[in-house]
Amino acid sequence: MPPPPSDPESTAPPDAHERERLGNVHPSGWRNPQPADRYRLVVVGAGTAGLVAAHAAAALGAKVALIERHLLGGDCLNVGCVPSKAIIRTSRLYAEMRDAEQYGARVPADIRVEFPALMQRMRGIRARISRADSVRRLTAAGVDVFFGQACFTGPDALTVDGAHLRFKKALIATGARPDTPSIPGLVEAGCLTNENVFDLTELPRRLLVIGGGPLGCELAQAFRRFGAQTIIAQRWPLFLPREERDAAQLLSDAFARDGIEVRLNTRAVNVRVEGGQKLVDLVSDDYKSTVAVDAILTGTGRVPNVEGLNLEAAGVEYDTRAGIRVDDFLRTSNRRIYAAGDVCLEHKFTHTADASARIVVQNALFLGRRRLSALTIPWCTYTDPEIAHVGLYVRQARERDIPVKTFTIPMHDVDRAIADDEEAGFVKIHVKEGTDRILGATIVARHAGEMINELTLAMVAGIGLRTLARVIHAYPTQAEAIKKAADAYNRTRLTPTIQALLRRWLTW
Ligand SMILES: Cc1cc2nc3c(=O)[nH]c(=O)nc-3n(C[C@H](O)[C@H](O)[C@H](O)COP(=O)(O)OP(=O)(O)OC[C@H]3O[C@@H](n4cnc5c(N)ncnc54)[C@H](O)[C@@H]3O)c2cc1C
């Protein structure tokens, strides 16, 4: 009988959930197969991009090898979307219980989240979802799975764990890793990143989150709701710098309501350990202060995994910050080799990793000409409220000299949001002035991530606000805000001449 699976990089309790997950995504005692003479497609990295490409290519009949140096499922399953969204669900439940009286319900005064129990729940969910990414599913689909570090030896060959693989086409999908900020003393003091924060079994009493991007914001809010005294330090004047200002402002307000200590325009400049606690010097403009915490979580960006692949031997150009250079067809500088996902894309999301992998399968195996630039990519930060976006921001439209008209509906004008006491937020839709063509949209709402899909569909299908105004939305739903924005557009079509004609008709 093989020994129980283990992940040497994980300090999570080796419970039944972990045994199931690791048994699925890196079974111990695994023996790499005998390589085929030549593969139609070799995929390096088995995160979302690699798995999607390998499954799709094998299903189409290609001989495929998939190489993974650590865990199948990559970041999303193991240390990203799945564990973060599982714990965020508990943080929302806590907030609802905390605010129970507002809803006319009574709960005991000392409601508390049991941190070990919520992390156990998360591990259970992660184990269950890992079945879809399992080695069993891949081999059943006919994919040759190799565990080990891939290293190119030439333009059409690589090695893994002593085996030599030759390929007609290859896909590099090696993802990205956390970018640890260079703050003196940080490494010595130790810090949490997405790679180890989900292994915690005890809640840090005092937590400093460095970085106000999606990861920092989502986890700061969750850990605060679990009971950690939480400070978030963001070097820019607002959180989520890419988002619309009013959306980011709503997030700051929500953080203040949750009791997070918000430090904007603030940089961490030094860390030292004294008496078992971490002392962090913060600088905000000219003001210096020191905070004492038990743990530091960094979320200051991601860097592509391009090292160790010997890309020079393959003739693949790359940049250590921007990742592998690809053209619009996701081809690298070596025409046999493509890249997809976080290792080459600006938008580092699971759904873009998935979409880019599908482009590669078509372009690499079928002489396809599918372009990355043709994708319409939505995204969402899963804070409470959520902040979702698709398409252009107003500033981007202006940079391109596109005249913009914006229709905004505050959630406090939407019956369902009022009934749910979820009035913070808005739906904002930008159209090309004089037309109903949707250029982009931002939604701030409790379930903005669900709502943005309607607008993404509209943009992809070329559906304008005129048509959206004709779509009956079930009442009462928060998505009615989208219909209301479309109605607002329709009212702008009532020019004074049309109004005068209508008046004459109706009084006739
Ligand atoms: C905390 C957190 C939360 C997130 N939440 C969301 C979310 O809610 N929604 C969303 O869309 N996105 C989210 N993301 C982003 C998402 O996880 C990534 O965009 C996605 O996982 C990228 O997939 P990928 O296949 O490109 O890379 P990865 O998932 O990083 O997979 C790359 C794989 O390649 C392997 N590898 C690397 N180098 C080699 C090598 N030389 N040889 C062999 N194997 C190698 C790695 O071990 C890894 O398994 C989140 C990320 C984090 C960190």
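Calculation criteria
Residues numbered from 1 in each chain as written. Predicted model: local features only at pLDDT ≥ 70, side-chain atom pairs only at ≥ 80, totals over all residues. Heavy atoms only, no water. Patch = residues over 30% accessible without salt bridge, like charges linked within 9 Å, V, L, I, M, F, W, Y side chains within 5 Å. Areas by Shrake-Rupley, 256 points an atom, 1.4 Å probe, with all protein chains shown as cover. Salt bridge = Lys/Arg side-chain N within 4 Å of Asp/Glu carboxyl O. Lys, Arg positive; Asp, Glu negative; His and termini not counted. Charge placed at Lys NZ, Arg CZ, Asp CG, Glu CD. Helix = DSSP H or I, 4+ residues; strand = E, 2+ residues; numbered from the N terminus. Phe/Tyr/Trp six-rings, centres within 6.5 Å; stacked < 30°, edge-to-face > 60°. Buried < 20%, exposed > 50% of the residue type's maximum accessible area, 1.4 Å probe, protein only. Lys NZ or Arg CZ within 6 Å of the ring centre and 35° of its normal. Pairing = 2+ DSSP bridges. Domains from an automatic or database assignment. Contact = heavy atoms within 4.5 Å. Buried area = accessible area lost by both parts, 1.4 Å probe. Nonpolar A, V, L, I, M, F, W, Y, C, P; charged D, E, K, R; others polar. Near = heavy atom within 4 Å. Polar contact = N/O pair within 3.5 Å; in protein donor to acceptor, adjacent residues only side chain to side chain. Axes fitted to C-alpha atoms, helices over the stretch in contact; angles between N-to-C directions.

Caption draft 1: Broad picture of a positive patch on the surface. Side chains of Arg38, Arg166, Lys168 and Arg336 sit close together on the surface and give a patch of like positive charge. Residue placement: Arg166 occurs in strand E6 (residues 163-172).

Caption draft 2: Focus on the packing of aromatic side chains. Enumeration over the complete set of coordinates arrives at 10 aromatic pairs. Ring geometry for Phe115 and Phe223: centres 5.8 Å apart, planes at 50°, overall tilted. Taken together, the residues Phe115 in helix H5 (residues 115-130) and Phe223 in helix H8 (residues 214-226) connect sequence positions 108 residues apart. We classify Phe115 as buried; its relative accessible area is 4%. Each member of the aromatic cluster is reached from another via a ring pair, and the members are Phe115, Phe223 and Phe226. When the ring centre of Trp236 is taken as reference, the NZ or CZ atom of Arg235 above it lies at 5.5 Å. It is Arg369 that lies over the ring of Phe329; its NZ or CZ is 4.1 Å from the centre.

Caption draft 3: Local environment of the pairing of strand E20 (residues 386-391). Summarising burial for E20: five of the six residues are buried, a large majority. Where strand E19 (residues 379-381) and E20 come together, three bridges link them in antiparallel fashion. In the strand pairing of E20, Thr381 is matched with Ile387. Between the end of E19 and the start of E20, which pair antiparallel, lie four residues.

Caption draft 4: Structural detail: the pattern of salt bridges. Under the criterion given, the structure shown has 31 salt bridges. Note that Arg98 and Asp99 form a salt bridge whose closest N and O atoms lie 3.0 Å from each other. Across the pair Arg446 and Asp384 runs a salt bridge, and its minimum N-O distance is 2.9 Å. Taken together, the residues span a long stretch of sequence, with Arg446 in the loop between strand E23 (438-445) and helix H14 (448-461) and Asp384 in the loop between E19 and E20 at a distance of 62 residues.

Caption draft 5: Structural detail: the domain arrangement of the chain. Entries for the chain in the domain assignment read domain 1 (8-178 + 303-374), domain 2 (186-300) and domain 3 (385-496). Taking only C-alpha atoms, the centre of domain 2 and the centre of domain 3 are 32 Å apart. The partner domain 3 presents 12 residues to the 10 residues of domain 2 that form the contact. Across the domain 2 to domain 3 interface the summed buried area is about 940 Å²; carbon plus sulfur atoms make up 58%. Summed over the shared surface of domain 2 and domain 3, the result is two salt bridges. The closest approach of N and O atoms between Lys428 and Glu244, which form a salt bridge, is 3.3 Å. Residues that form the side of domain 2 that touches domain 3 fall into these classes: five nonpolar, no polar and five charged.

Caption draft 6: Examining the site of the ligand more closely. By nearness alone, 38 residues border the ligand, and Glu68, Asp75, Lys85, Asp342 and Thr350 come closest of all. The backbone of Thr48 places a nitrogen or oxygen atom 3.1 Å from an oxygen atom of the ligand. At 3.1 Å from a nitrogen atom of the ligand is found a main-chain nitrogen or oxygen belonging to Ala150. Out of a free accessible area of 1000 Å², the ligand has 93% covered by protein chains. With four residues, helix H3 (residues 74-79) is the largest single contributor of residues to the shell around the ligand.

Caption draft 7: The sheet that holds strand E12 (residues 277-284), seen in detail. With respect to topology, three strands assemble into an open sheet ordered E11-E12-E13, the strand pairing being antiparallel. Taken across any chain shown, the strands that pair with only one partner, and hence form the sheet edges, are strand E11 (266-274) and strand E13 (287-293). In this sheet, neighbouring strand axes are inclined to one another by 25° on average, regardless of whether the strands run parallel or antiparallel. Pairing between E11 and E12: eight bridges, direction antiparallel. Directly across from Val273, in E12, lies its bridge partner Lys278.

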